[in-house]
Amino acid sequence: QENEIKLLTAEIEHLKNFGCLGVSPSLEGLRDENAKLKYRLNFLQKSLQEERSKTGKSMININSCLQEIFGAAIQAAYPDLENPPLVVMPSQQSKFGDYQCNSAMGITQILLKTKEQKVSPREIAEKIAENIPANECIEKVEIAGPGFINVHLRKDFVSKQLSSLLMNGVQPPAVGKRKKVVVDFSSPNIAKEMHVGHLRSTIIGESMSRLFEFAGYDVLRLNHLGDWGTQFGMLIAHLQDKFPDYLTVSPPIGDLQAFYKESKRRFDTEEEFKKRAYQCVVLLQSKNPDFIKAWKLICDVSRKEFQKIYSCLDITLIERGESFYHDMMKDIVKEFEDKGFVQVDDGRKIVFVPGFPVPLTIMKSDGGYTYDTSDLAALKHRLCEEKADILIYVVDSGQSVHLQTVFAAGQMMGWYDPKVTRIAHAAFGVVLGEDKKKFKTRSGDTVRLIDLLEEGLKRAMDKLKDKERDKVLTAEELKAAQTSVAFGCIKYADLSHNRLNDYVFSFDKMLDDRGNTAAYLLYAFTRIRAIARLANIDEQMLRKAAQEEVLVLDHEKEWKLGKCILRFPEILQKILEDLLLHTLCDYLYELATTFTEFYDNCYCVEKDRQSGE
């Protein structure tokens, strides 16, 4: 590559001189030739740079490599086209090759619109194919149908990538500068139990955090608890009545949900209690030590309940509730006032954000703050103090307009530039029961999350006993299998559906070991581990083989599995961009079924009939 770069640079200089001397037979031809050489040079320099920047240990994103190759070919074939469409995707059918470039159709449209040239997509595809630069991954290309370019990968290239994967392990492509990502998820309310509605935010948020950590980002996982506000007035007033010695003796609040309901009933029916509740809010907000202690007691009871669920689902979070931002809210209101964005409406201070019909209320008529104020304070803190490069809010779709308004307000205030900082609302639909209605208990109450998890454990154990696993596993192993199956199935059922859609919660479907379920994947994984155990080959032997021998991919099922494994980096890139995790689940299911096909056709281990070895 370095030699070719030298030669190309010399040739471009030579062409320049020709142009200056006016000797060129065709200026157009000269420009064309010059452009082609420049794009080739550009392509080579870029790929050389990338090779050097890699430690050689990261997996290669084959789709990205092909996009660069076809990008260079299109630029060389059509140097005058600005931002031509670049469409490269894995081939749907192996008989048509491994990947497909479908840019020709789009270019036909552009040439017709901008230059009034009528060129068939097939002709364009042929011109692109002629300009493909020398590279190490393409064996051959074929033009099919109206102008699809079918790409066949080189077997030695795939083999080399698989050997590298064996030697270096699964290393995601480098992300460049280590960016900071803040993920806001789970966010239940103090004094209320976590219900099925919190399940999706918790599972999706945890998985997104793991995804960005795996890809090399610096991730801050935040739990934006509802731990401040007027509801604490009634809870503290009720606490004072029920446990008057709460300051010296820790109150035995076992059922916080019932405690909340009692205080809410009194708040709605007893006028005197309601007045006291409002006084308690004022005293709490003015940081009266006795009231702060009462508030902390209530928060601690809730925290213990939340932690039970987080421990079951293996969730890691840093708590940073609304109370954390309380002292910042006064400055937020002042900042909006100073910039002239505040209007007073019936005593309330409101802010209209261009493009959004509903204003944000940043101060109530009684001087109190709102969710809008705390969300703005949180946004500013994450951008200006935490210096987040990427901010992800894993919140249900119903909050979409509110969040978009808050983000737009932050931009209006100059807190961030959307070209530099990415702020995304990773919205999700609701959980439905098998009757396709909102998931409720028989009595019409919201389903408690802890009950759901316990039901999952019970169902998983029944399933394991059905399969007679209790006869071959120790009690400890059986317990580990039970929790893996129960919580794995609940998480995977959520993640394997497009988060933007509502999804039907069904234990029967989750625990089915056929189809794209955690039960099937766990089975496939166990089977693969069993083969590795029987083959009695450790990782060191594999690495040694990868260094010394060439991996031959002769059988079609070997070839299919090899290519499938190497698609992982492009799946990773896609989900980092669109935050749709079901794509990863679909890929894992495809990988597991492709492995099964391979295993059924190419034996990895066989018993010697004579020795039984």
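Being a predicted model, the structure only gives us computed values, none of them experimental. (Residues numbered from 1 in each chain as written. Predicted model: local features only at pLDDT ≥ 70, side-chain atom pairs only at ≥ 80, totals over all residues. Heavy atoms only, no water.)

Q: Got a minute to help me understand the overall build of the protein in this structure?
A: Within the protein one finds 22 helices and 14 strands. Counting only C-alpha atoms, the protein reaches 95 × 80 × 40 Å along its principal axes. Expressed as a percentage of the 613 residues in the protein, the buried residues total 45%. Considering only intrachain contacts with a sequence separation of at least 6, the fraction spanning at least 24 residues in the protein is 71%. Summing over all exposed atoms, the protein offers an accessible surface of approximately 33000 Å²; the carbon and sulfur share of this is 52%. Distance between charge centres in the protein, computed from 84 positive and 90 negative side chains, equals 1 Å. (Helix = DSSP H or I, 4+ residues; strand = E, 2+ residues; numbered from the N terminus. Buried < 20%, exposed > 50% of the residue type's maximum accessible area, 1.4 Å probe, protein only. Contact = heavy atoms within 4.5 Å. Areas by Shrake-Rupley, 256 points an atom, 1.4 Å probe, with all protein chains shown as cover. Lys, Arg positive; Asp, Glu negative; His and termini not counted. Charge placed at Lys NZ, Arg CZ, Asp CG, Glu CD.)

Q: Even after reading the chapter, I still don't get the packing of aromatic side chains, so can you show me in this structure?
A: For any pair of aromatic rings, the description rests on two quantities: the centre-to-centre distance and the angle between the ring planes. One pass over the structure, following the stated rule, counts 14 aromatic pairs. Centre to centre, the rings of Y520 and Y589 are 5.6 Å apart; their planes meet at 75°, and the pair counts as edge-to-face. Taken as a pair, Y520 in helix α18 (residues 518-535) and Y589 in helix α22 (residues 582-601) lie far apart in primary sequence, 69 residues in all. Among the residues examined, Y520 registers a relative accessible area of 11% and is labelled buried. With relative accessibility at 27%, the residue Y589 sits in the partly exposed group. Put simply, the rings of F214, F568 and Y587 pair up and form one aromatic cluster. When the ring centre of W559 is taken as origin, the NZ or CZ atom of K155, which lies over that ring, is 5.2 Å away. Residue placement shows K274 over the ring face of F267; its charged tip is 5.4 Å from the ring centre. (Phe/Tyr/Trp six-rings, centres within 6.5 Å; stacked < 30°, edge-to-face > 60°. Lys NZ or Arg CZ within 6 Å of the ring centre and 35° of its normal.)

Q: Quick question: what am I supposed to make of the UniProt feature "domain: Arginyl tRNA synthetase N-terminal" (unreviewed entry) in the protein here?
A: Mapped onto this numbering, the UniProt entry annotates "domain: Arginyl tRNA synthetase N-terminal" (unreviewed entry) at residues 64-153. With 40% helix and 21% strand, residues 64-153 has its two end C-alpha atoms placed 14 Å apart. (UniProt positions renumbered as here; feature names shortened; annotations may be inferred.)

Q: Even after reading the chapter, I still don't get the domain arrangement of the protein, so can you show me in this structure?
A: The extent of an interface is frequently quoted as the accessible surface area lost upon association of the parts. What the domain assignment lists for the protein is domain 1 (1-16 + 23-53), domain 2 (62-153), domain 3 (180-226 + 321-428), domain 4 (230-319) and domain 5 (455-601). Across the contact, 18 residues belong to domain 3 and 19 residues belong to domain 5. For the pair domain 3 and domain 5, the summed buried area comes to about 1500 Å², and 71% of that belongs to carbon and sulfur atoms. For domain 3, the biggest contributors to the area lost against domain 5 are R200, I203 and L211; these three give 36% of the whole. The interface formed by domain 3 and domain 5 contains 1 salt bridge. Between R200 and D494 there is a salt bridge, with its nearest N and O atoms 3.1 Å apart. At the boundary of domain 3 with domain 5, the tally comes to 5 residue pairs in polar contact (both at pLDDT 80 or more). Listed by contribution, the elements that provide at least two residues to the side of domain 3 that touches domain 5 are α7 (196-214) and β12 (422-425). (Domains from an automatic or database assignment. Buried area = accessible area lost by both parts, 1.4 Å probe. Salt bridge = Lys/Arg side-chain N within 4 Å of Asp/Glu carboxyl O. Polar contact = N/O pair within 3.5 Å; in protein donor to acceptor, adjacent residues only side chain to side chain.)

Q: Where do I start with the pairing of strand β5 (residues 180-184) in this structure?
A: The two faces of the sheet receive side chains in turn, since in a regular strand these alternate between them. Most of β5 sits out of view: 5 of its 5 residues are buried. Here β5 shows no split at all, with K180, V182 and D184 on one side and V181 and V183 on the other all buried. At this point the chain moves from β5, through α7, to the parallel strand β6 (residues 218-223), and the crossover so formed is right-handed. With 4 bridges connecting them, β5 and strand β11 (residues 390-393) associate as parallel partners. Across the sheet, the residue bridging to V181 is I390, located in β11. (Right-handed = clockwise from strand over helix to strand, strands pointing away. Pairing = 2+ DSSP bridges.)

Q: Would you mind showing me how to read the pattern of salt bridges here?
A: Here the idea is simple: oppositely charged side chains can pair when their charged atoms come close. In the structure shown here, the tally under the stated rule is 41 salt bridges. Residue K334 is joined to D338 by a salt bridge in which the shortest nitrogen-to-oxygen separation is 2.9 Å. Here K334 pairs with D338, and both are found in helix α12 (residues 329-338), just 4 residues apart, close to one helical turn. Taking relative accessible area as the criterion, K334 reaches 46% and is therefore assigned partly exposed. Residue K380 pairs with E335 through a salt bridge whose shortest N-O separation is 2.8 Å. Residue K380 is located in helix α13 (residues 371-385), and its partner E335 is located in helix α12; the two are separated by 45 residues in the primary sequence.

Q: Would you mind going over the side chain of T517 with me for this structure?
A: With respect to the element layout, T517 can be found in the loop between α17 (507-510) and α18. Discounting residues that sit within four places of it in the chain, T517 has contacts with Y492, K509, M510 and D512.

Q: When you look at unusual backbone geometry in this model, what are you seeing that I'm missing?
A: If you check the backbone angles, K287 has positive phi at about 65° while not being a glycine. With respect to the helices, strands and loops of the structure, K287 is situated in the loop between α10 (271-285) and α11 (289-313). A residue is classified by how much of its surface remains accessible, and K287, at 39% relative accessible area, is partly exposed. Even without glycine at this site, E468 takes up a positive phi of about 60°.

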